[in-house]
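The lines below spell out each chain.
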Amino acid sequence: MIGIFDSGIGGLTVAKAVMEIFPDLSICYFGDTARTPYGTKSKETVTRYAVENTRFLLAQGAKIIVVACNTASAVAIPTLRSTFDAPIFEVISPAVDMALSHAKAKRIGVIGTRATINSGIYERLITELDPDRKVFSEPCPLLVSLVEEGWLKKPETRMIVKKYLRPLKAQQIQALILGCTHYPILKQLIAHKIGKRVKIVDSSEAVTISLKQFLDDNPKVLASLAKGGDSTIYVSDVTKQFAKTAQLILNRKVELNHADV
Ligand code: DGL
């Protein structure tokens, strides 16, 4: 099976994209709802959590790990790769590749949690691969809570999105990376506010492309993955609100199983 983890429920956007591309593969998802958010925590703490989450998913039988959380992808990947043998996928380099594939996007915007933006990882990867691109980043910390509250269509949410995007609009960006699990849920609103000429890069879609490429190139790994298309969702804390948000993201009834890592 494919193991996917996030700091909470938002990573189900990645799980959903994976389920759509690989409907036959079994998925085990772990949302660390007891310790969410990660976006405000230190690199050391997020890395420790990421190691524990990965260990949990491997114990459930996962053969591949997808780190759905941008914050954990930004800070914990070197430790995960040196600690575990299983292939570890993260959401940042696929999103960078996707942004760079838009040849005309010389000015690229990135939005994410404070920890992701402070890590500077998007700027670093983009400018290493193409020094001619300019990167403009904005932390958008309130968006996670607005999504968790289900405030997708409220005027307040529209206002906050507009305010966060204003500096990026002023920089006349041509592509915008949604560098957080929760932002794909606000994709339409974000696309509307930033303007239709800006290409939106959704990291939940981008990671499925690199996963597909890997499985095409490694048929033995593909053969080793459990089939059946079933998905089990574990969370470290079960509340009605988490169940509601999970349902909103997957657009179906969801059973949350409690697990301590
Ligand atoms: N999953 C986190 C991310 O993608 C957002 C929520 C949090 O701060 O934990 O960065």
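Relevant structure appears above.
The following paragraphs examine the structure supplied in this document. These figures come from a predicted structure and were not determined experimentally.

What counts, and at which threshold
- Residues numbered from 1 in each chain as written.
- Predicted model: local features only at pLDDT ≥ 70, side-chain atom pairs only at ≥ 80, totals over all residues.
- Heavy atoms only, no water.
- Helix = DSSP H or I, 4+ residues; strand = E, 2+ residues; numbered from the N terminus.
- Buried < 20%, exposed > 50% of the residue type's maximum accessible area, 1.4 Å probe, protein only.
- Contact = heavy atoms within 4.5 Å.
- Pairing = 2+ DSSP bridges.
- Axes fitted to C-alpha atoms, helices over the stretch in contact; angles between N-to-C directions.
- Near = heavy atom within 4 Å.
- Polar contact = N/O pair within 3.5 Å; in protein donor to acceptor, adjacent residues only side chain to side chain.
- Areas by Shrake-Rupley, 256 points an atom, 1.4 Å probe, with all protein chains shown as cover.
- Nonpolar A, V, L, I, M, F, W, Y, C, P; charged D, E, K, R; others polar.

### As for the environment of Ala226
Right, so step 1: Here Ala226 lies in the loop between helix H12 (219-224) and strand E9 (231-235).
Right, so step 2: Residue class for Ala226 comes out partly exposed when judged on its relative accessible area of 33%.
Right, so step 3: Along the primary structure Ala226 and Ile2 are separated by 224 residues, whereas in three dimensions their C-alpha atoms are 8.1 Å apart.
Right, so step 4: In contact with Ala226, other than residues within four places in its own chain, are Met1, Asp24, Leu25 and Ser26.

### Regarding the sheet that holds strand E6 (residues 134-139)
Right, so step 1: What the 4 strands build is an open sheet, ordered E6-E5-E7-E8; its pairing is parallel. Sheet topology places E6 and strand E8 (199-202) at the edges, where each strand pairs with a single neighbour. Each neighbouring strand pair of the sheet contributes to a mean axis angle of 20°, computed without reference to strand direction.
Right, so step 2: In this sheet, strand E7 (residues 175-179) lies alongside strand E5 (residues 107-112) in parallel orientation, the contact comprising 5 bridges. Bridging from a neighbouring strand, Val110 pairs with Ile177 of E7.
Right, so step 3: Of the strands in this sheet, E5, E6 and E7 are in contact with helix H7 (residues 121-129), which crosses E6 at around 170°.
Right, so step 4: Strand contacts of helix H11 (residues 203-217): E7 and E8, with the helix running at about 60° to E8, the strand carrying the most contacts.

### Observations concerning the site of the ligand
Right, so step 1: Surrounding the ligand, one finds 14 residues, the nearest of these being Asp6, Ser7, Tyr38, Gly39 and Thr71.
Right, so step 2: At 2.8 Å, a backbone N or O of Gly39 approaches an oxygen atom of the ligand.
Right, so step 3: Residue Thr71 places a side-chain N or O atom 2.6 Å away from an oxygen atom belonging to the ligand.
Right, so step 4: Burial of the ligand by the surrounding chains reaches 99%, relative to a free accessible area of 290 Å².
Right, so step 5: Grouping the amino acids of the shell around the ligand by side-chain chemistry returns 5 nonpolar, 8 polar and 1 charged.

### Considerations on the sheet that holds strand E2 (residues 27-31)
Right, so step 1: Spatially, E4-E3-E1-E2-E9-E10 is the arrangement adopted by the 6 strands of the open sheet, whose pairing is parallel. Here the strands that pair on one side only, and so sit at the sheet edges, are strand E4 (88-90) and strand E10 (256-258). Between one strand axis and the next, the sheet turns by 25° as a mean value, whatever way the strands run.
Right, so step 2: Examined bridge by bridge, E9 and E10 share 3 bridges and lie parallel to one another. By the bridge assignment for E10, Tyr234 is matched with Asn257.
Right, so step 3: The strands touched by helix H2 (residues 43-59) within the sheet are strand E1 (2-6), E2, strand E3 (64-67), E4 and E9, with E1 carrying the most contacts at an inclination of about 150°.

On their own, these measurements won't tell you what the molecule is for.
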